[in-house]
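# An overview of the molecular structure
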Amino acid sequence: MTIALMLVGMIGLSLLNVPIAIALGFVAMAAIALIQGPTMLPNLALEMFNGASSFPLLAIPLFILSGAIMNASSISRRLIAFASALVGFVRGGLSMVSIGTSVFFAEISGSAVADVAALGTILIPAMKSRGYSKEVAAATMSSAASLAIIIPPSIPMILYAVMAQTSTVKLFVAGIVPGLLGALAMAGAAYYHAVRYDFPAEQRFRLSEVWRTGKEALWAFILPIAILGSIFGGIVTATEGAGMAVLAAIVVGGLIYRDLDFRELKKACVDGGIQTAVVMLLVASSALIGTFLTEAQLPQALGHAMTSLTTNKYLVLLMLNVAFLILGMFLHSAAAIILVIPIVMPLVTSVGIDPIHFGLVVTLNLAIGQQTPPVASVLMTACAIAKSDIWDTTRVNIPYIVALVAVLLLSTYVPVVSLGLVHLFYGG
Amino acid sequence: MTLRTVRRRYEQLLEAIVLILMIALTVLVIAGAAFRYLGSALTWYDETASIGLVWLTYFGSALAALRGAHIGVPGLVNAMPPRLRLLATLFAEAVVLTFFVMLAYYGLQVVIVLQGEHMITLPQVSSQLTQSAIPVGATMFVIAELLRLPDVLRAARSGGFVDTETIEALSHGAPDPAANAGARR
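Read on for a plain summary of the structure.

Cut-off values and rules
Residues numbered from 1 in each chain as written. Chains lettered and ligands numbered in written order. Predicted model: local features only at pLDDT ≥ 70, side-chain atom pairs only at ≥ 80, totals over all residues. Heavy atoms only, no water. Helix = DSSP H or I, 4+ residues; strand = E, 2+ residues; numbered from the N terminus. Buried < 20%, exposed > 50% of the residue type's maximum accessible area, 1.4 Å probe, protein only. Polar contact = N/O pair within 3.5 Å; in protein donor to acceptor, adjacent residues only side chain to side chain. Contact = heavy atoms within 4.5 Å. Buried area = accessible area lost by both parts, 1.4 Å probe. Salt bridge = Lys/Arg side-chain N within 4 Å of Asp/Glu carboxyl O. Phe/Tyr/Trp six-rings, centres within 6.5 Å; stacked < 30°, edge-to-face > 60°.

What follows concerns the side chain of A:Asn321. All names here are of chain A. For Asn-321, the location among the structural elements is in helix α18 (residues 313-330). Under the relative-accessibility criterion, Asn-321 is labelled buried at 4%. Looking at Asn-321, its side chain comes within polar contact range of the side chain of Asn-365, at 2.7 Å. Among residues more than four places away in sequence, those in contact with Asn-321 are Val-361, Asn-365, Leu-408, Thr-412 and Tyr-413.

It is worth spelling out helix α10 (residues 155-163) of chain A at this point. Residue and element names in this part refer to chain A. By the criterion of burial, α10 is predominantly enclosed, with eight of the nine residues buried. Buried within α10 are the following residues: Ile-155, Pro-156, Met-157, Ile-158, Leu-159, Tyr-160, Ala-161 and Met-163. In this structure, the buried residues of α10 make contact with α4 (59-71), α9 (147-150), α11 (168-174), α16 (262-295), α19 (333-350) and α20 (355-369). For α10, the capping residue at the N-terminal end is Ser-154, with a side-chain oxygen 3.2 Å from the backbone nitrogen of Met-157. Looking at the residues trailing α10, positive phi occurs at Gln-165, about 50°.

Our focus in this paragraph is the interface of chain A and chain B. Each side of the interface is counted separately: chain A has 63 residues, and chain B has 64 residues. Across the chain A to chain B interface the summed buried area is about 5900 Å²; carbon plus sulfur atoms make up 76%. Seen at the junction of chain A and chain B, the total is two salt bridges. Here B:Arg67 makes a salt bridge to A:Asp271, at a shortest N to O gap of 2.9 Å. For the interface between chain A and chain B, the tally reads five residue pairs in polar contact (both at pLDDT 80 or more). Those elements that provide at least two residues to the side of chain A that touches chain B are α1 (2-15), α2 (20-36), α3 (42-52), α4, α7 (112-129), α15 (238-256), α16 and α21 (377-386) of chain A. Sort the elements by how many residues they give to the side of chain A that touches chain B and α16(A) lands first, with 16 residues.

Using the criterion set out here, one finds 13 salt bridges over all chains in the structure. One salt bridge connects A:Glu240 with B:Arg36, and the closest N-O pair in it is separated by 2.6 Å. Here A:Glu240, found in helix α15, pairs with B:Arg36, found in helix α1 (residues 3-37), and the two come from separate chains. For A:Glu240, a relative accessible area of 3% puts it in the buried group. Taking the relative accessible area as the measure of exposure, B:Arg36 reaches 40% and is therefore partly exposed. The shortest N-O distance in the salt bridge between A:Lys267 and A:Asp271 comes to 3.0 Å. Of the two residues, A:Lys267 and A:Asp271 are both situated in helix α16; the distance of four residues between them amounts to about one turn of the helix. For A:Lys267, a relative accessible area of 31% gives the class partly exposed. Members of the salt-bridge network, linked through shared partners, are A:Lys267, A:Asp271, B:Arg8, B:Glu11, B:Glu15 and B:Arg67.

For the coordinates displayed, the defined rule picks out 16 aromatic pairs over all chains. Consider the rings of A:Phe425 and A:Tyr426, whose centres lie 6.1 Å apart with planes at 70°: the pair is edge-to-face. Overall, A:Tyr426 belongs to the partly exposed group, its relative accessible area being 31%. Here B:Trp55 and B:Phe59 contribute two aromatic rings whose centre-to-centre distance is 5.9 Å and whose plane-to-plane angle is 50°, an arrangement assigned as tilted. On the criterion of helical spacing, the pair formed by B:Trp55 and B:Phe59 is a turn pair, its members being four residues apart in helix α2 (residues 45-67).

Pasting the structure below:
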């Protein structure tokens, strides 16, 4: 009964546009005062402190920062030039370039919204000037950017790993193959658009051009891979790797390319701090409310209810997929992970789903969720840049969404797609 | 000084705090990794970095409040007629302010109780200092929320609220004036 009231309170307050983190905190505060008595209220402050104190989550601000620093230098421009030389000869060349650049950029950045802002401001106007409709330009960039959270590093993956108490590093590795498959599937969708709307190829393929642009983008290319490599190899933790990524970004932008814009950098630092704080406040207040839900055995009750219906893990995965796809339409990805993962984890492990496999399934779901309105942060950013309507763009975006759903289904039901590399690297 | 100037100065103060915390955390993590690699690990590095993240959480949250960047669900409120929307917004603001006033008050109680306690790996640093992030941060949050209140009420009376993450991202690239018309929430 109490739990039902608390859930109603949280949802009610959120729907009245109280920020979700504060809706959770407020309900927990009321519950402490009413159930445990007002003398326990100092626990509110203690728990809000402990909930935000997490060494693994420190990787989030650092990865946000390293992406932002790369952005404040000429790295996006160099990566776009390299991708153009590689795939610009295909029909619908600029769409292919958007996807290709997103693959490279995903190894630097862990946030799709950041990618679409960085690359979209260059590529969307370019596509429009080559005769792509603003809807196609926005949809292509938006979907391509979703690779940022599938290919490591990935902020949703870090959050998931902490919430599900599993390994960030293994989850990163699990994202590599599905991310590349996603890029291929989206290239297929882009080709379909290119034939349908008769988009031109951009440039002839010349090996000399690949060599020249590749040399100019070399550092932007090698350092992220070296850092990811040392994370995968266990030489550094994910958080330390994130710190190295910041250092590398400063060295590449400031010392090698020498075009780091310090005003932009300062702004990026502050904005990264804000984004981190917003996520961390939610982490802290959900930890506070989580103690109540755990005491009431809500996650276990949910697990029992579901396992009484079926213990087939593929059926459970299907139900969770549907739930997360719907959730992704209405919630920001960070909020969805923080709120839902602690509740569904007992169910996931009790039917024998590998937590790493599930983490990848969740990440793919949320990547799709960022494309599906009404709440679709990545799509809305792309639409704002292209000045296109969200719903018209969504109609054009459907082939890309289908491509992503195909990768989701493949990764869900053929676990080796995500877990193959993990087992190869770490055994098991 | 007009309210606008006060707000601008306050934002600059919070930005400076967040900037310093971000730089300090980055340097700390890199140094921690370097020392461990060189074989003389810093024992205090994990605990200090975790506490630093808490500080970033609360001071950053105050700045996020000033910019209206906390994750919310504005859909239903936006669909309301303006008068009802104003009412709902006043209620939501009351909830937010109540929570942080309480957090500041009980945070202060905790700080008082912690007299004599200290960090585990750095005994010379008092827990009163580390825990102060809660009462101080919560108080700064309340001030930020109050400074933004006129904007929020104006948005509630006119067009409604815009999704936050989108606006934040766009402030880096090409800003779209149309998207900035409503207040952020």
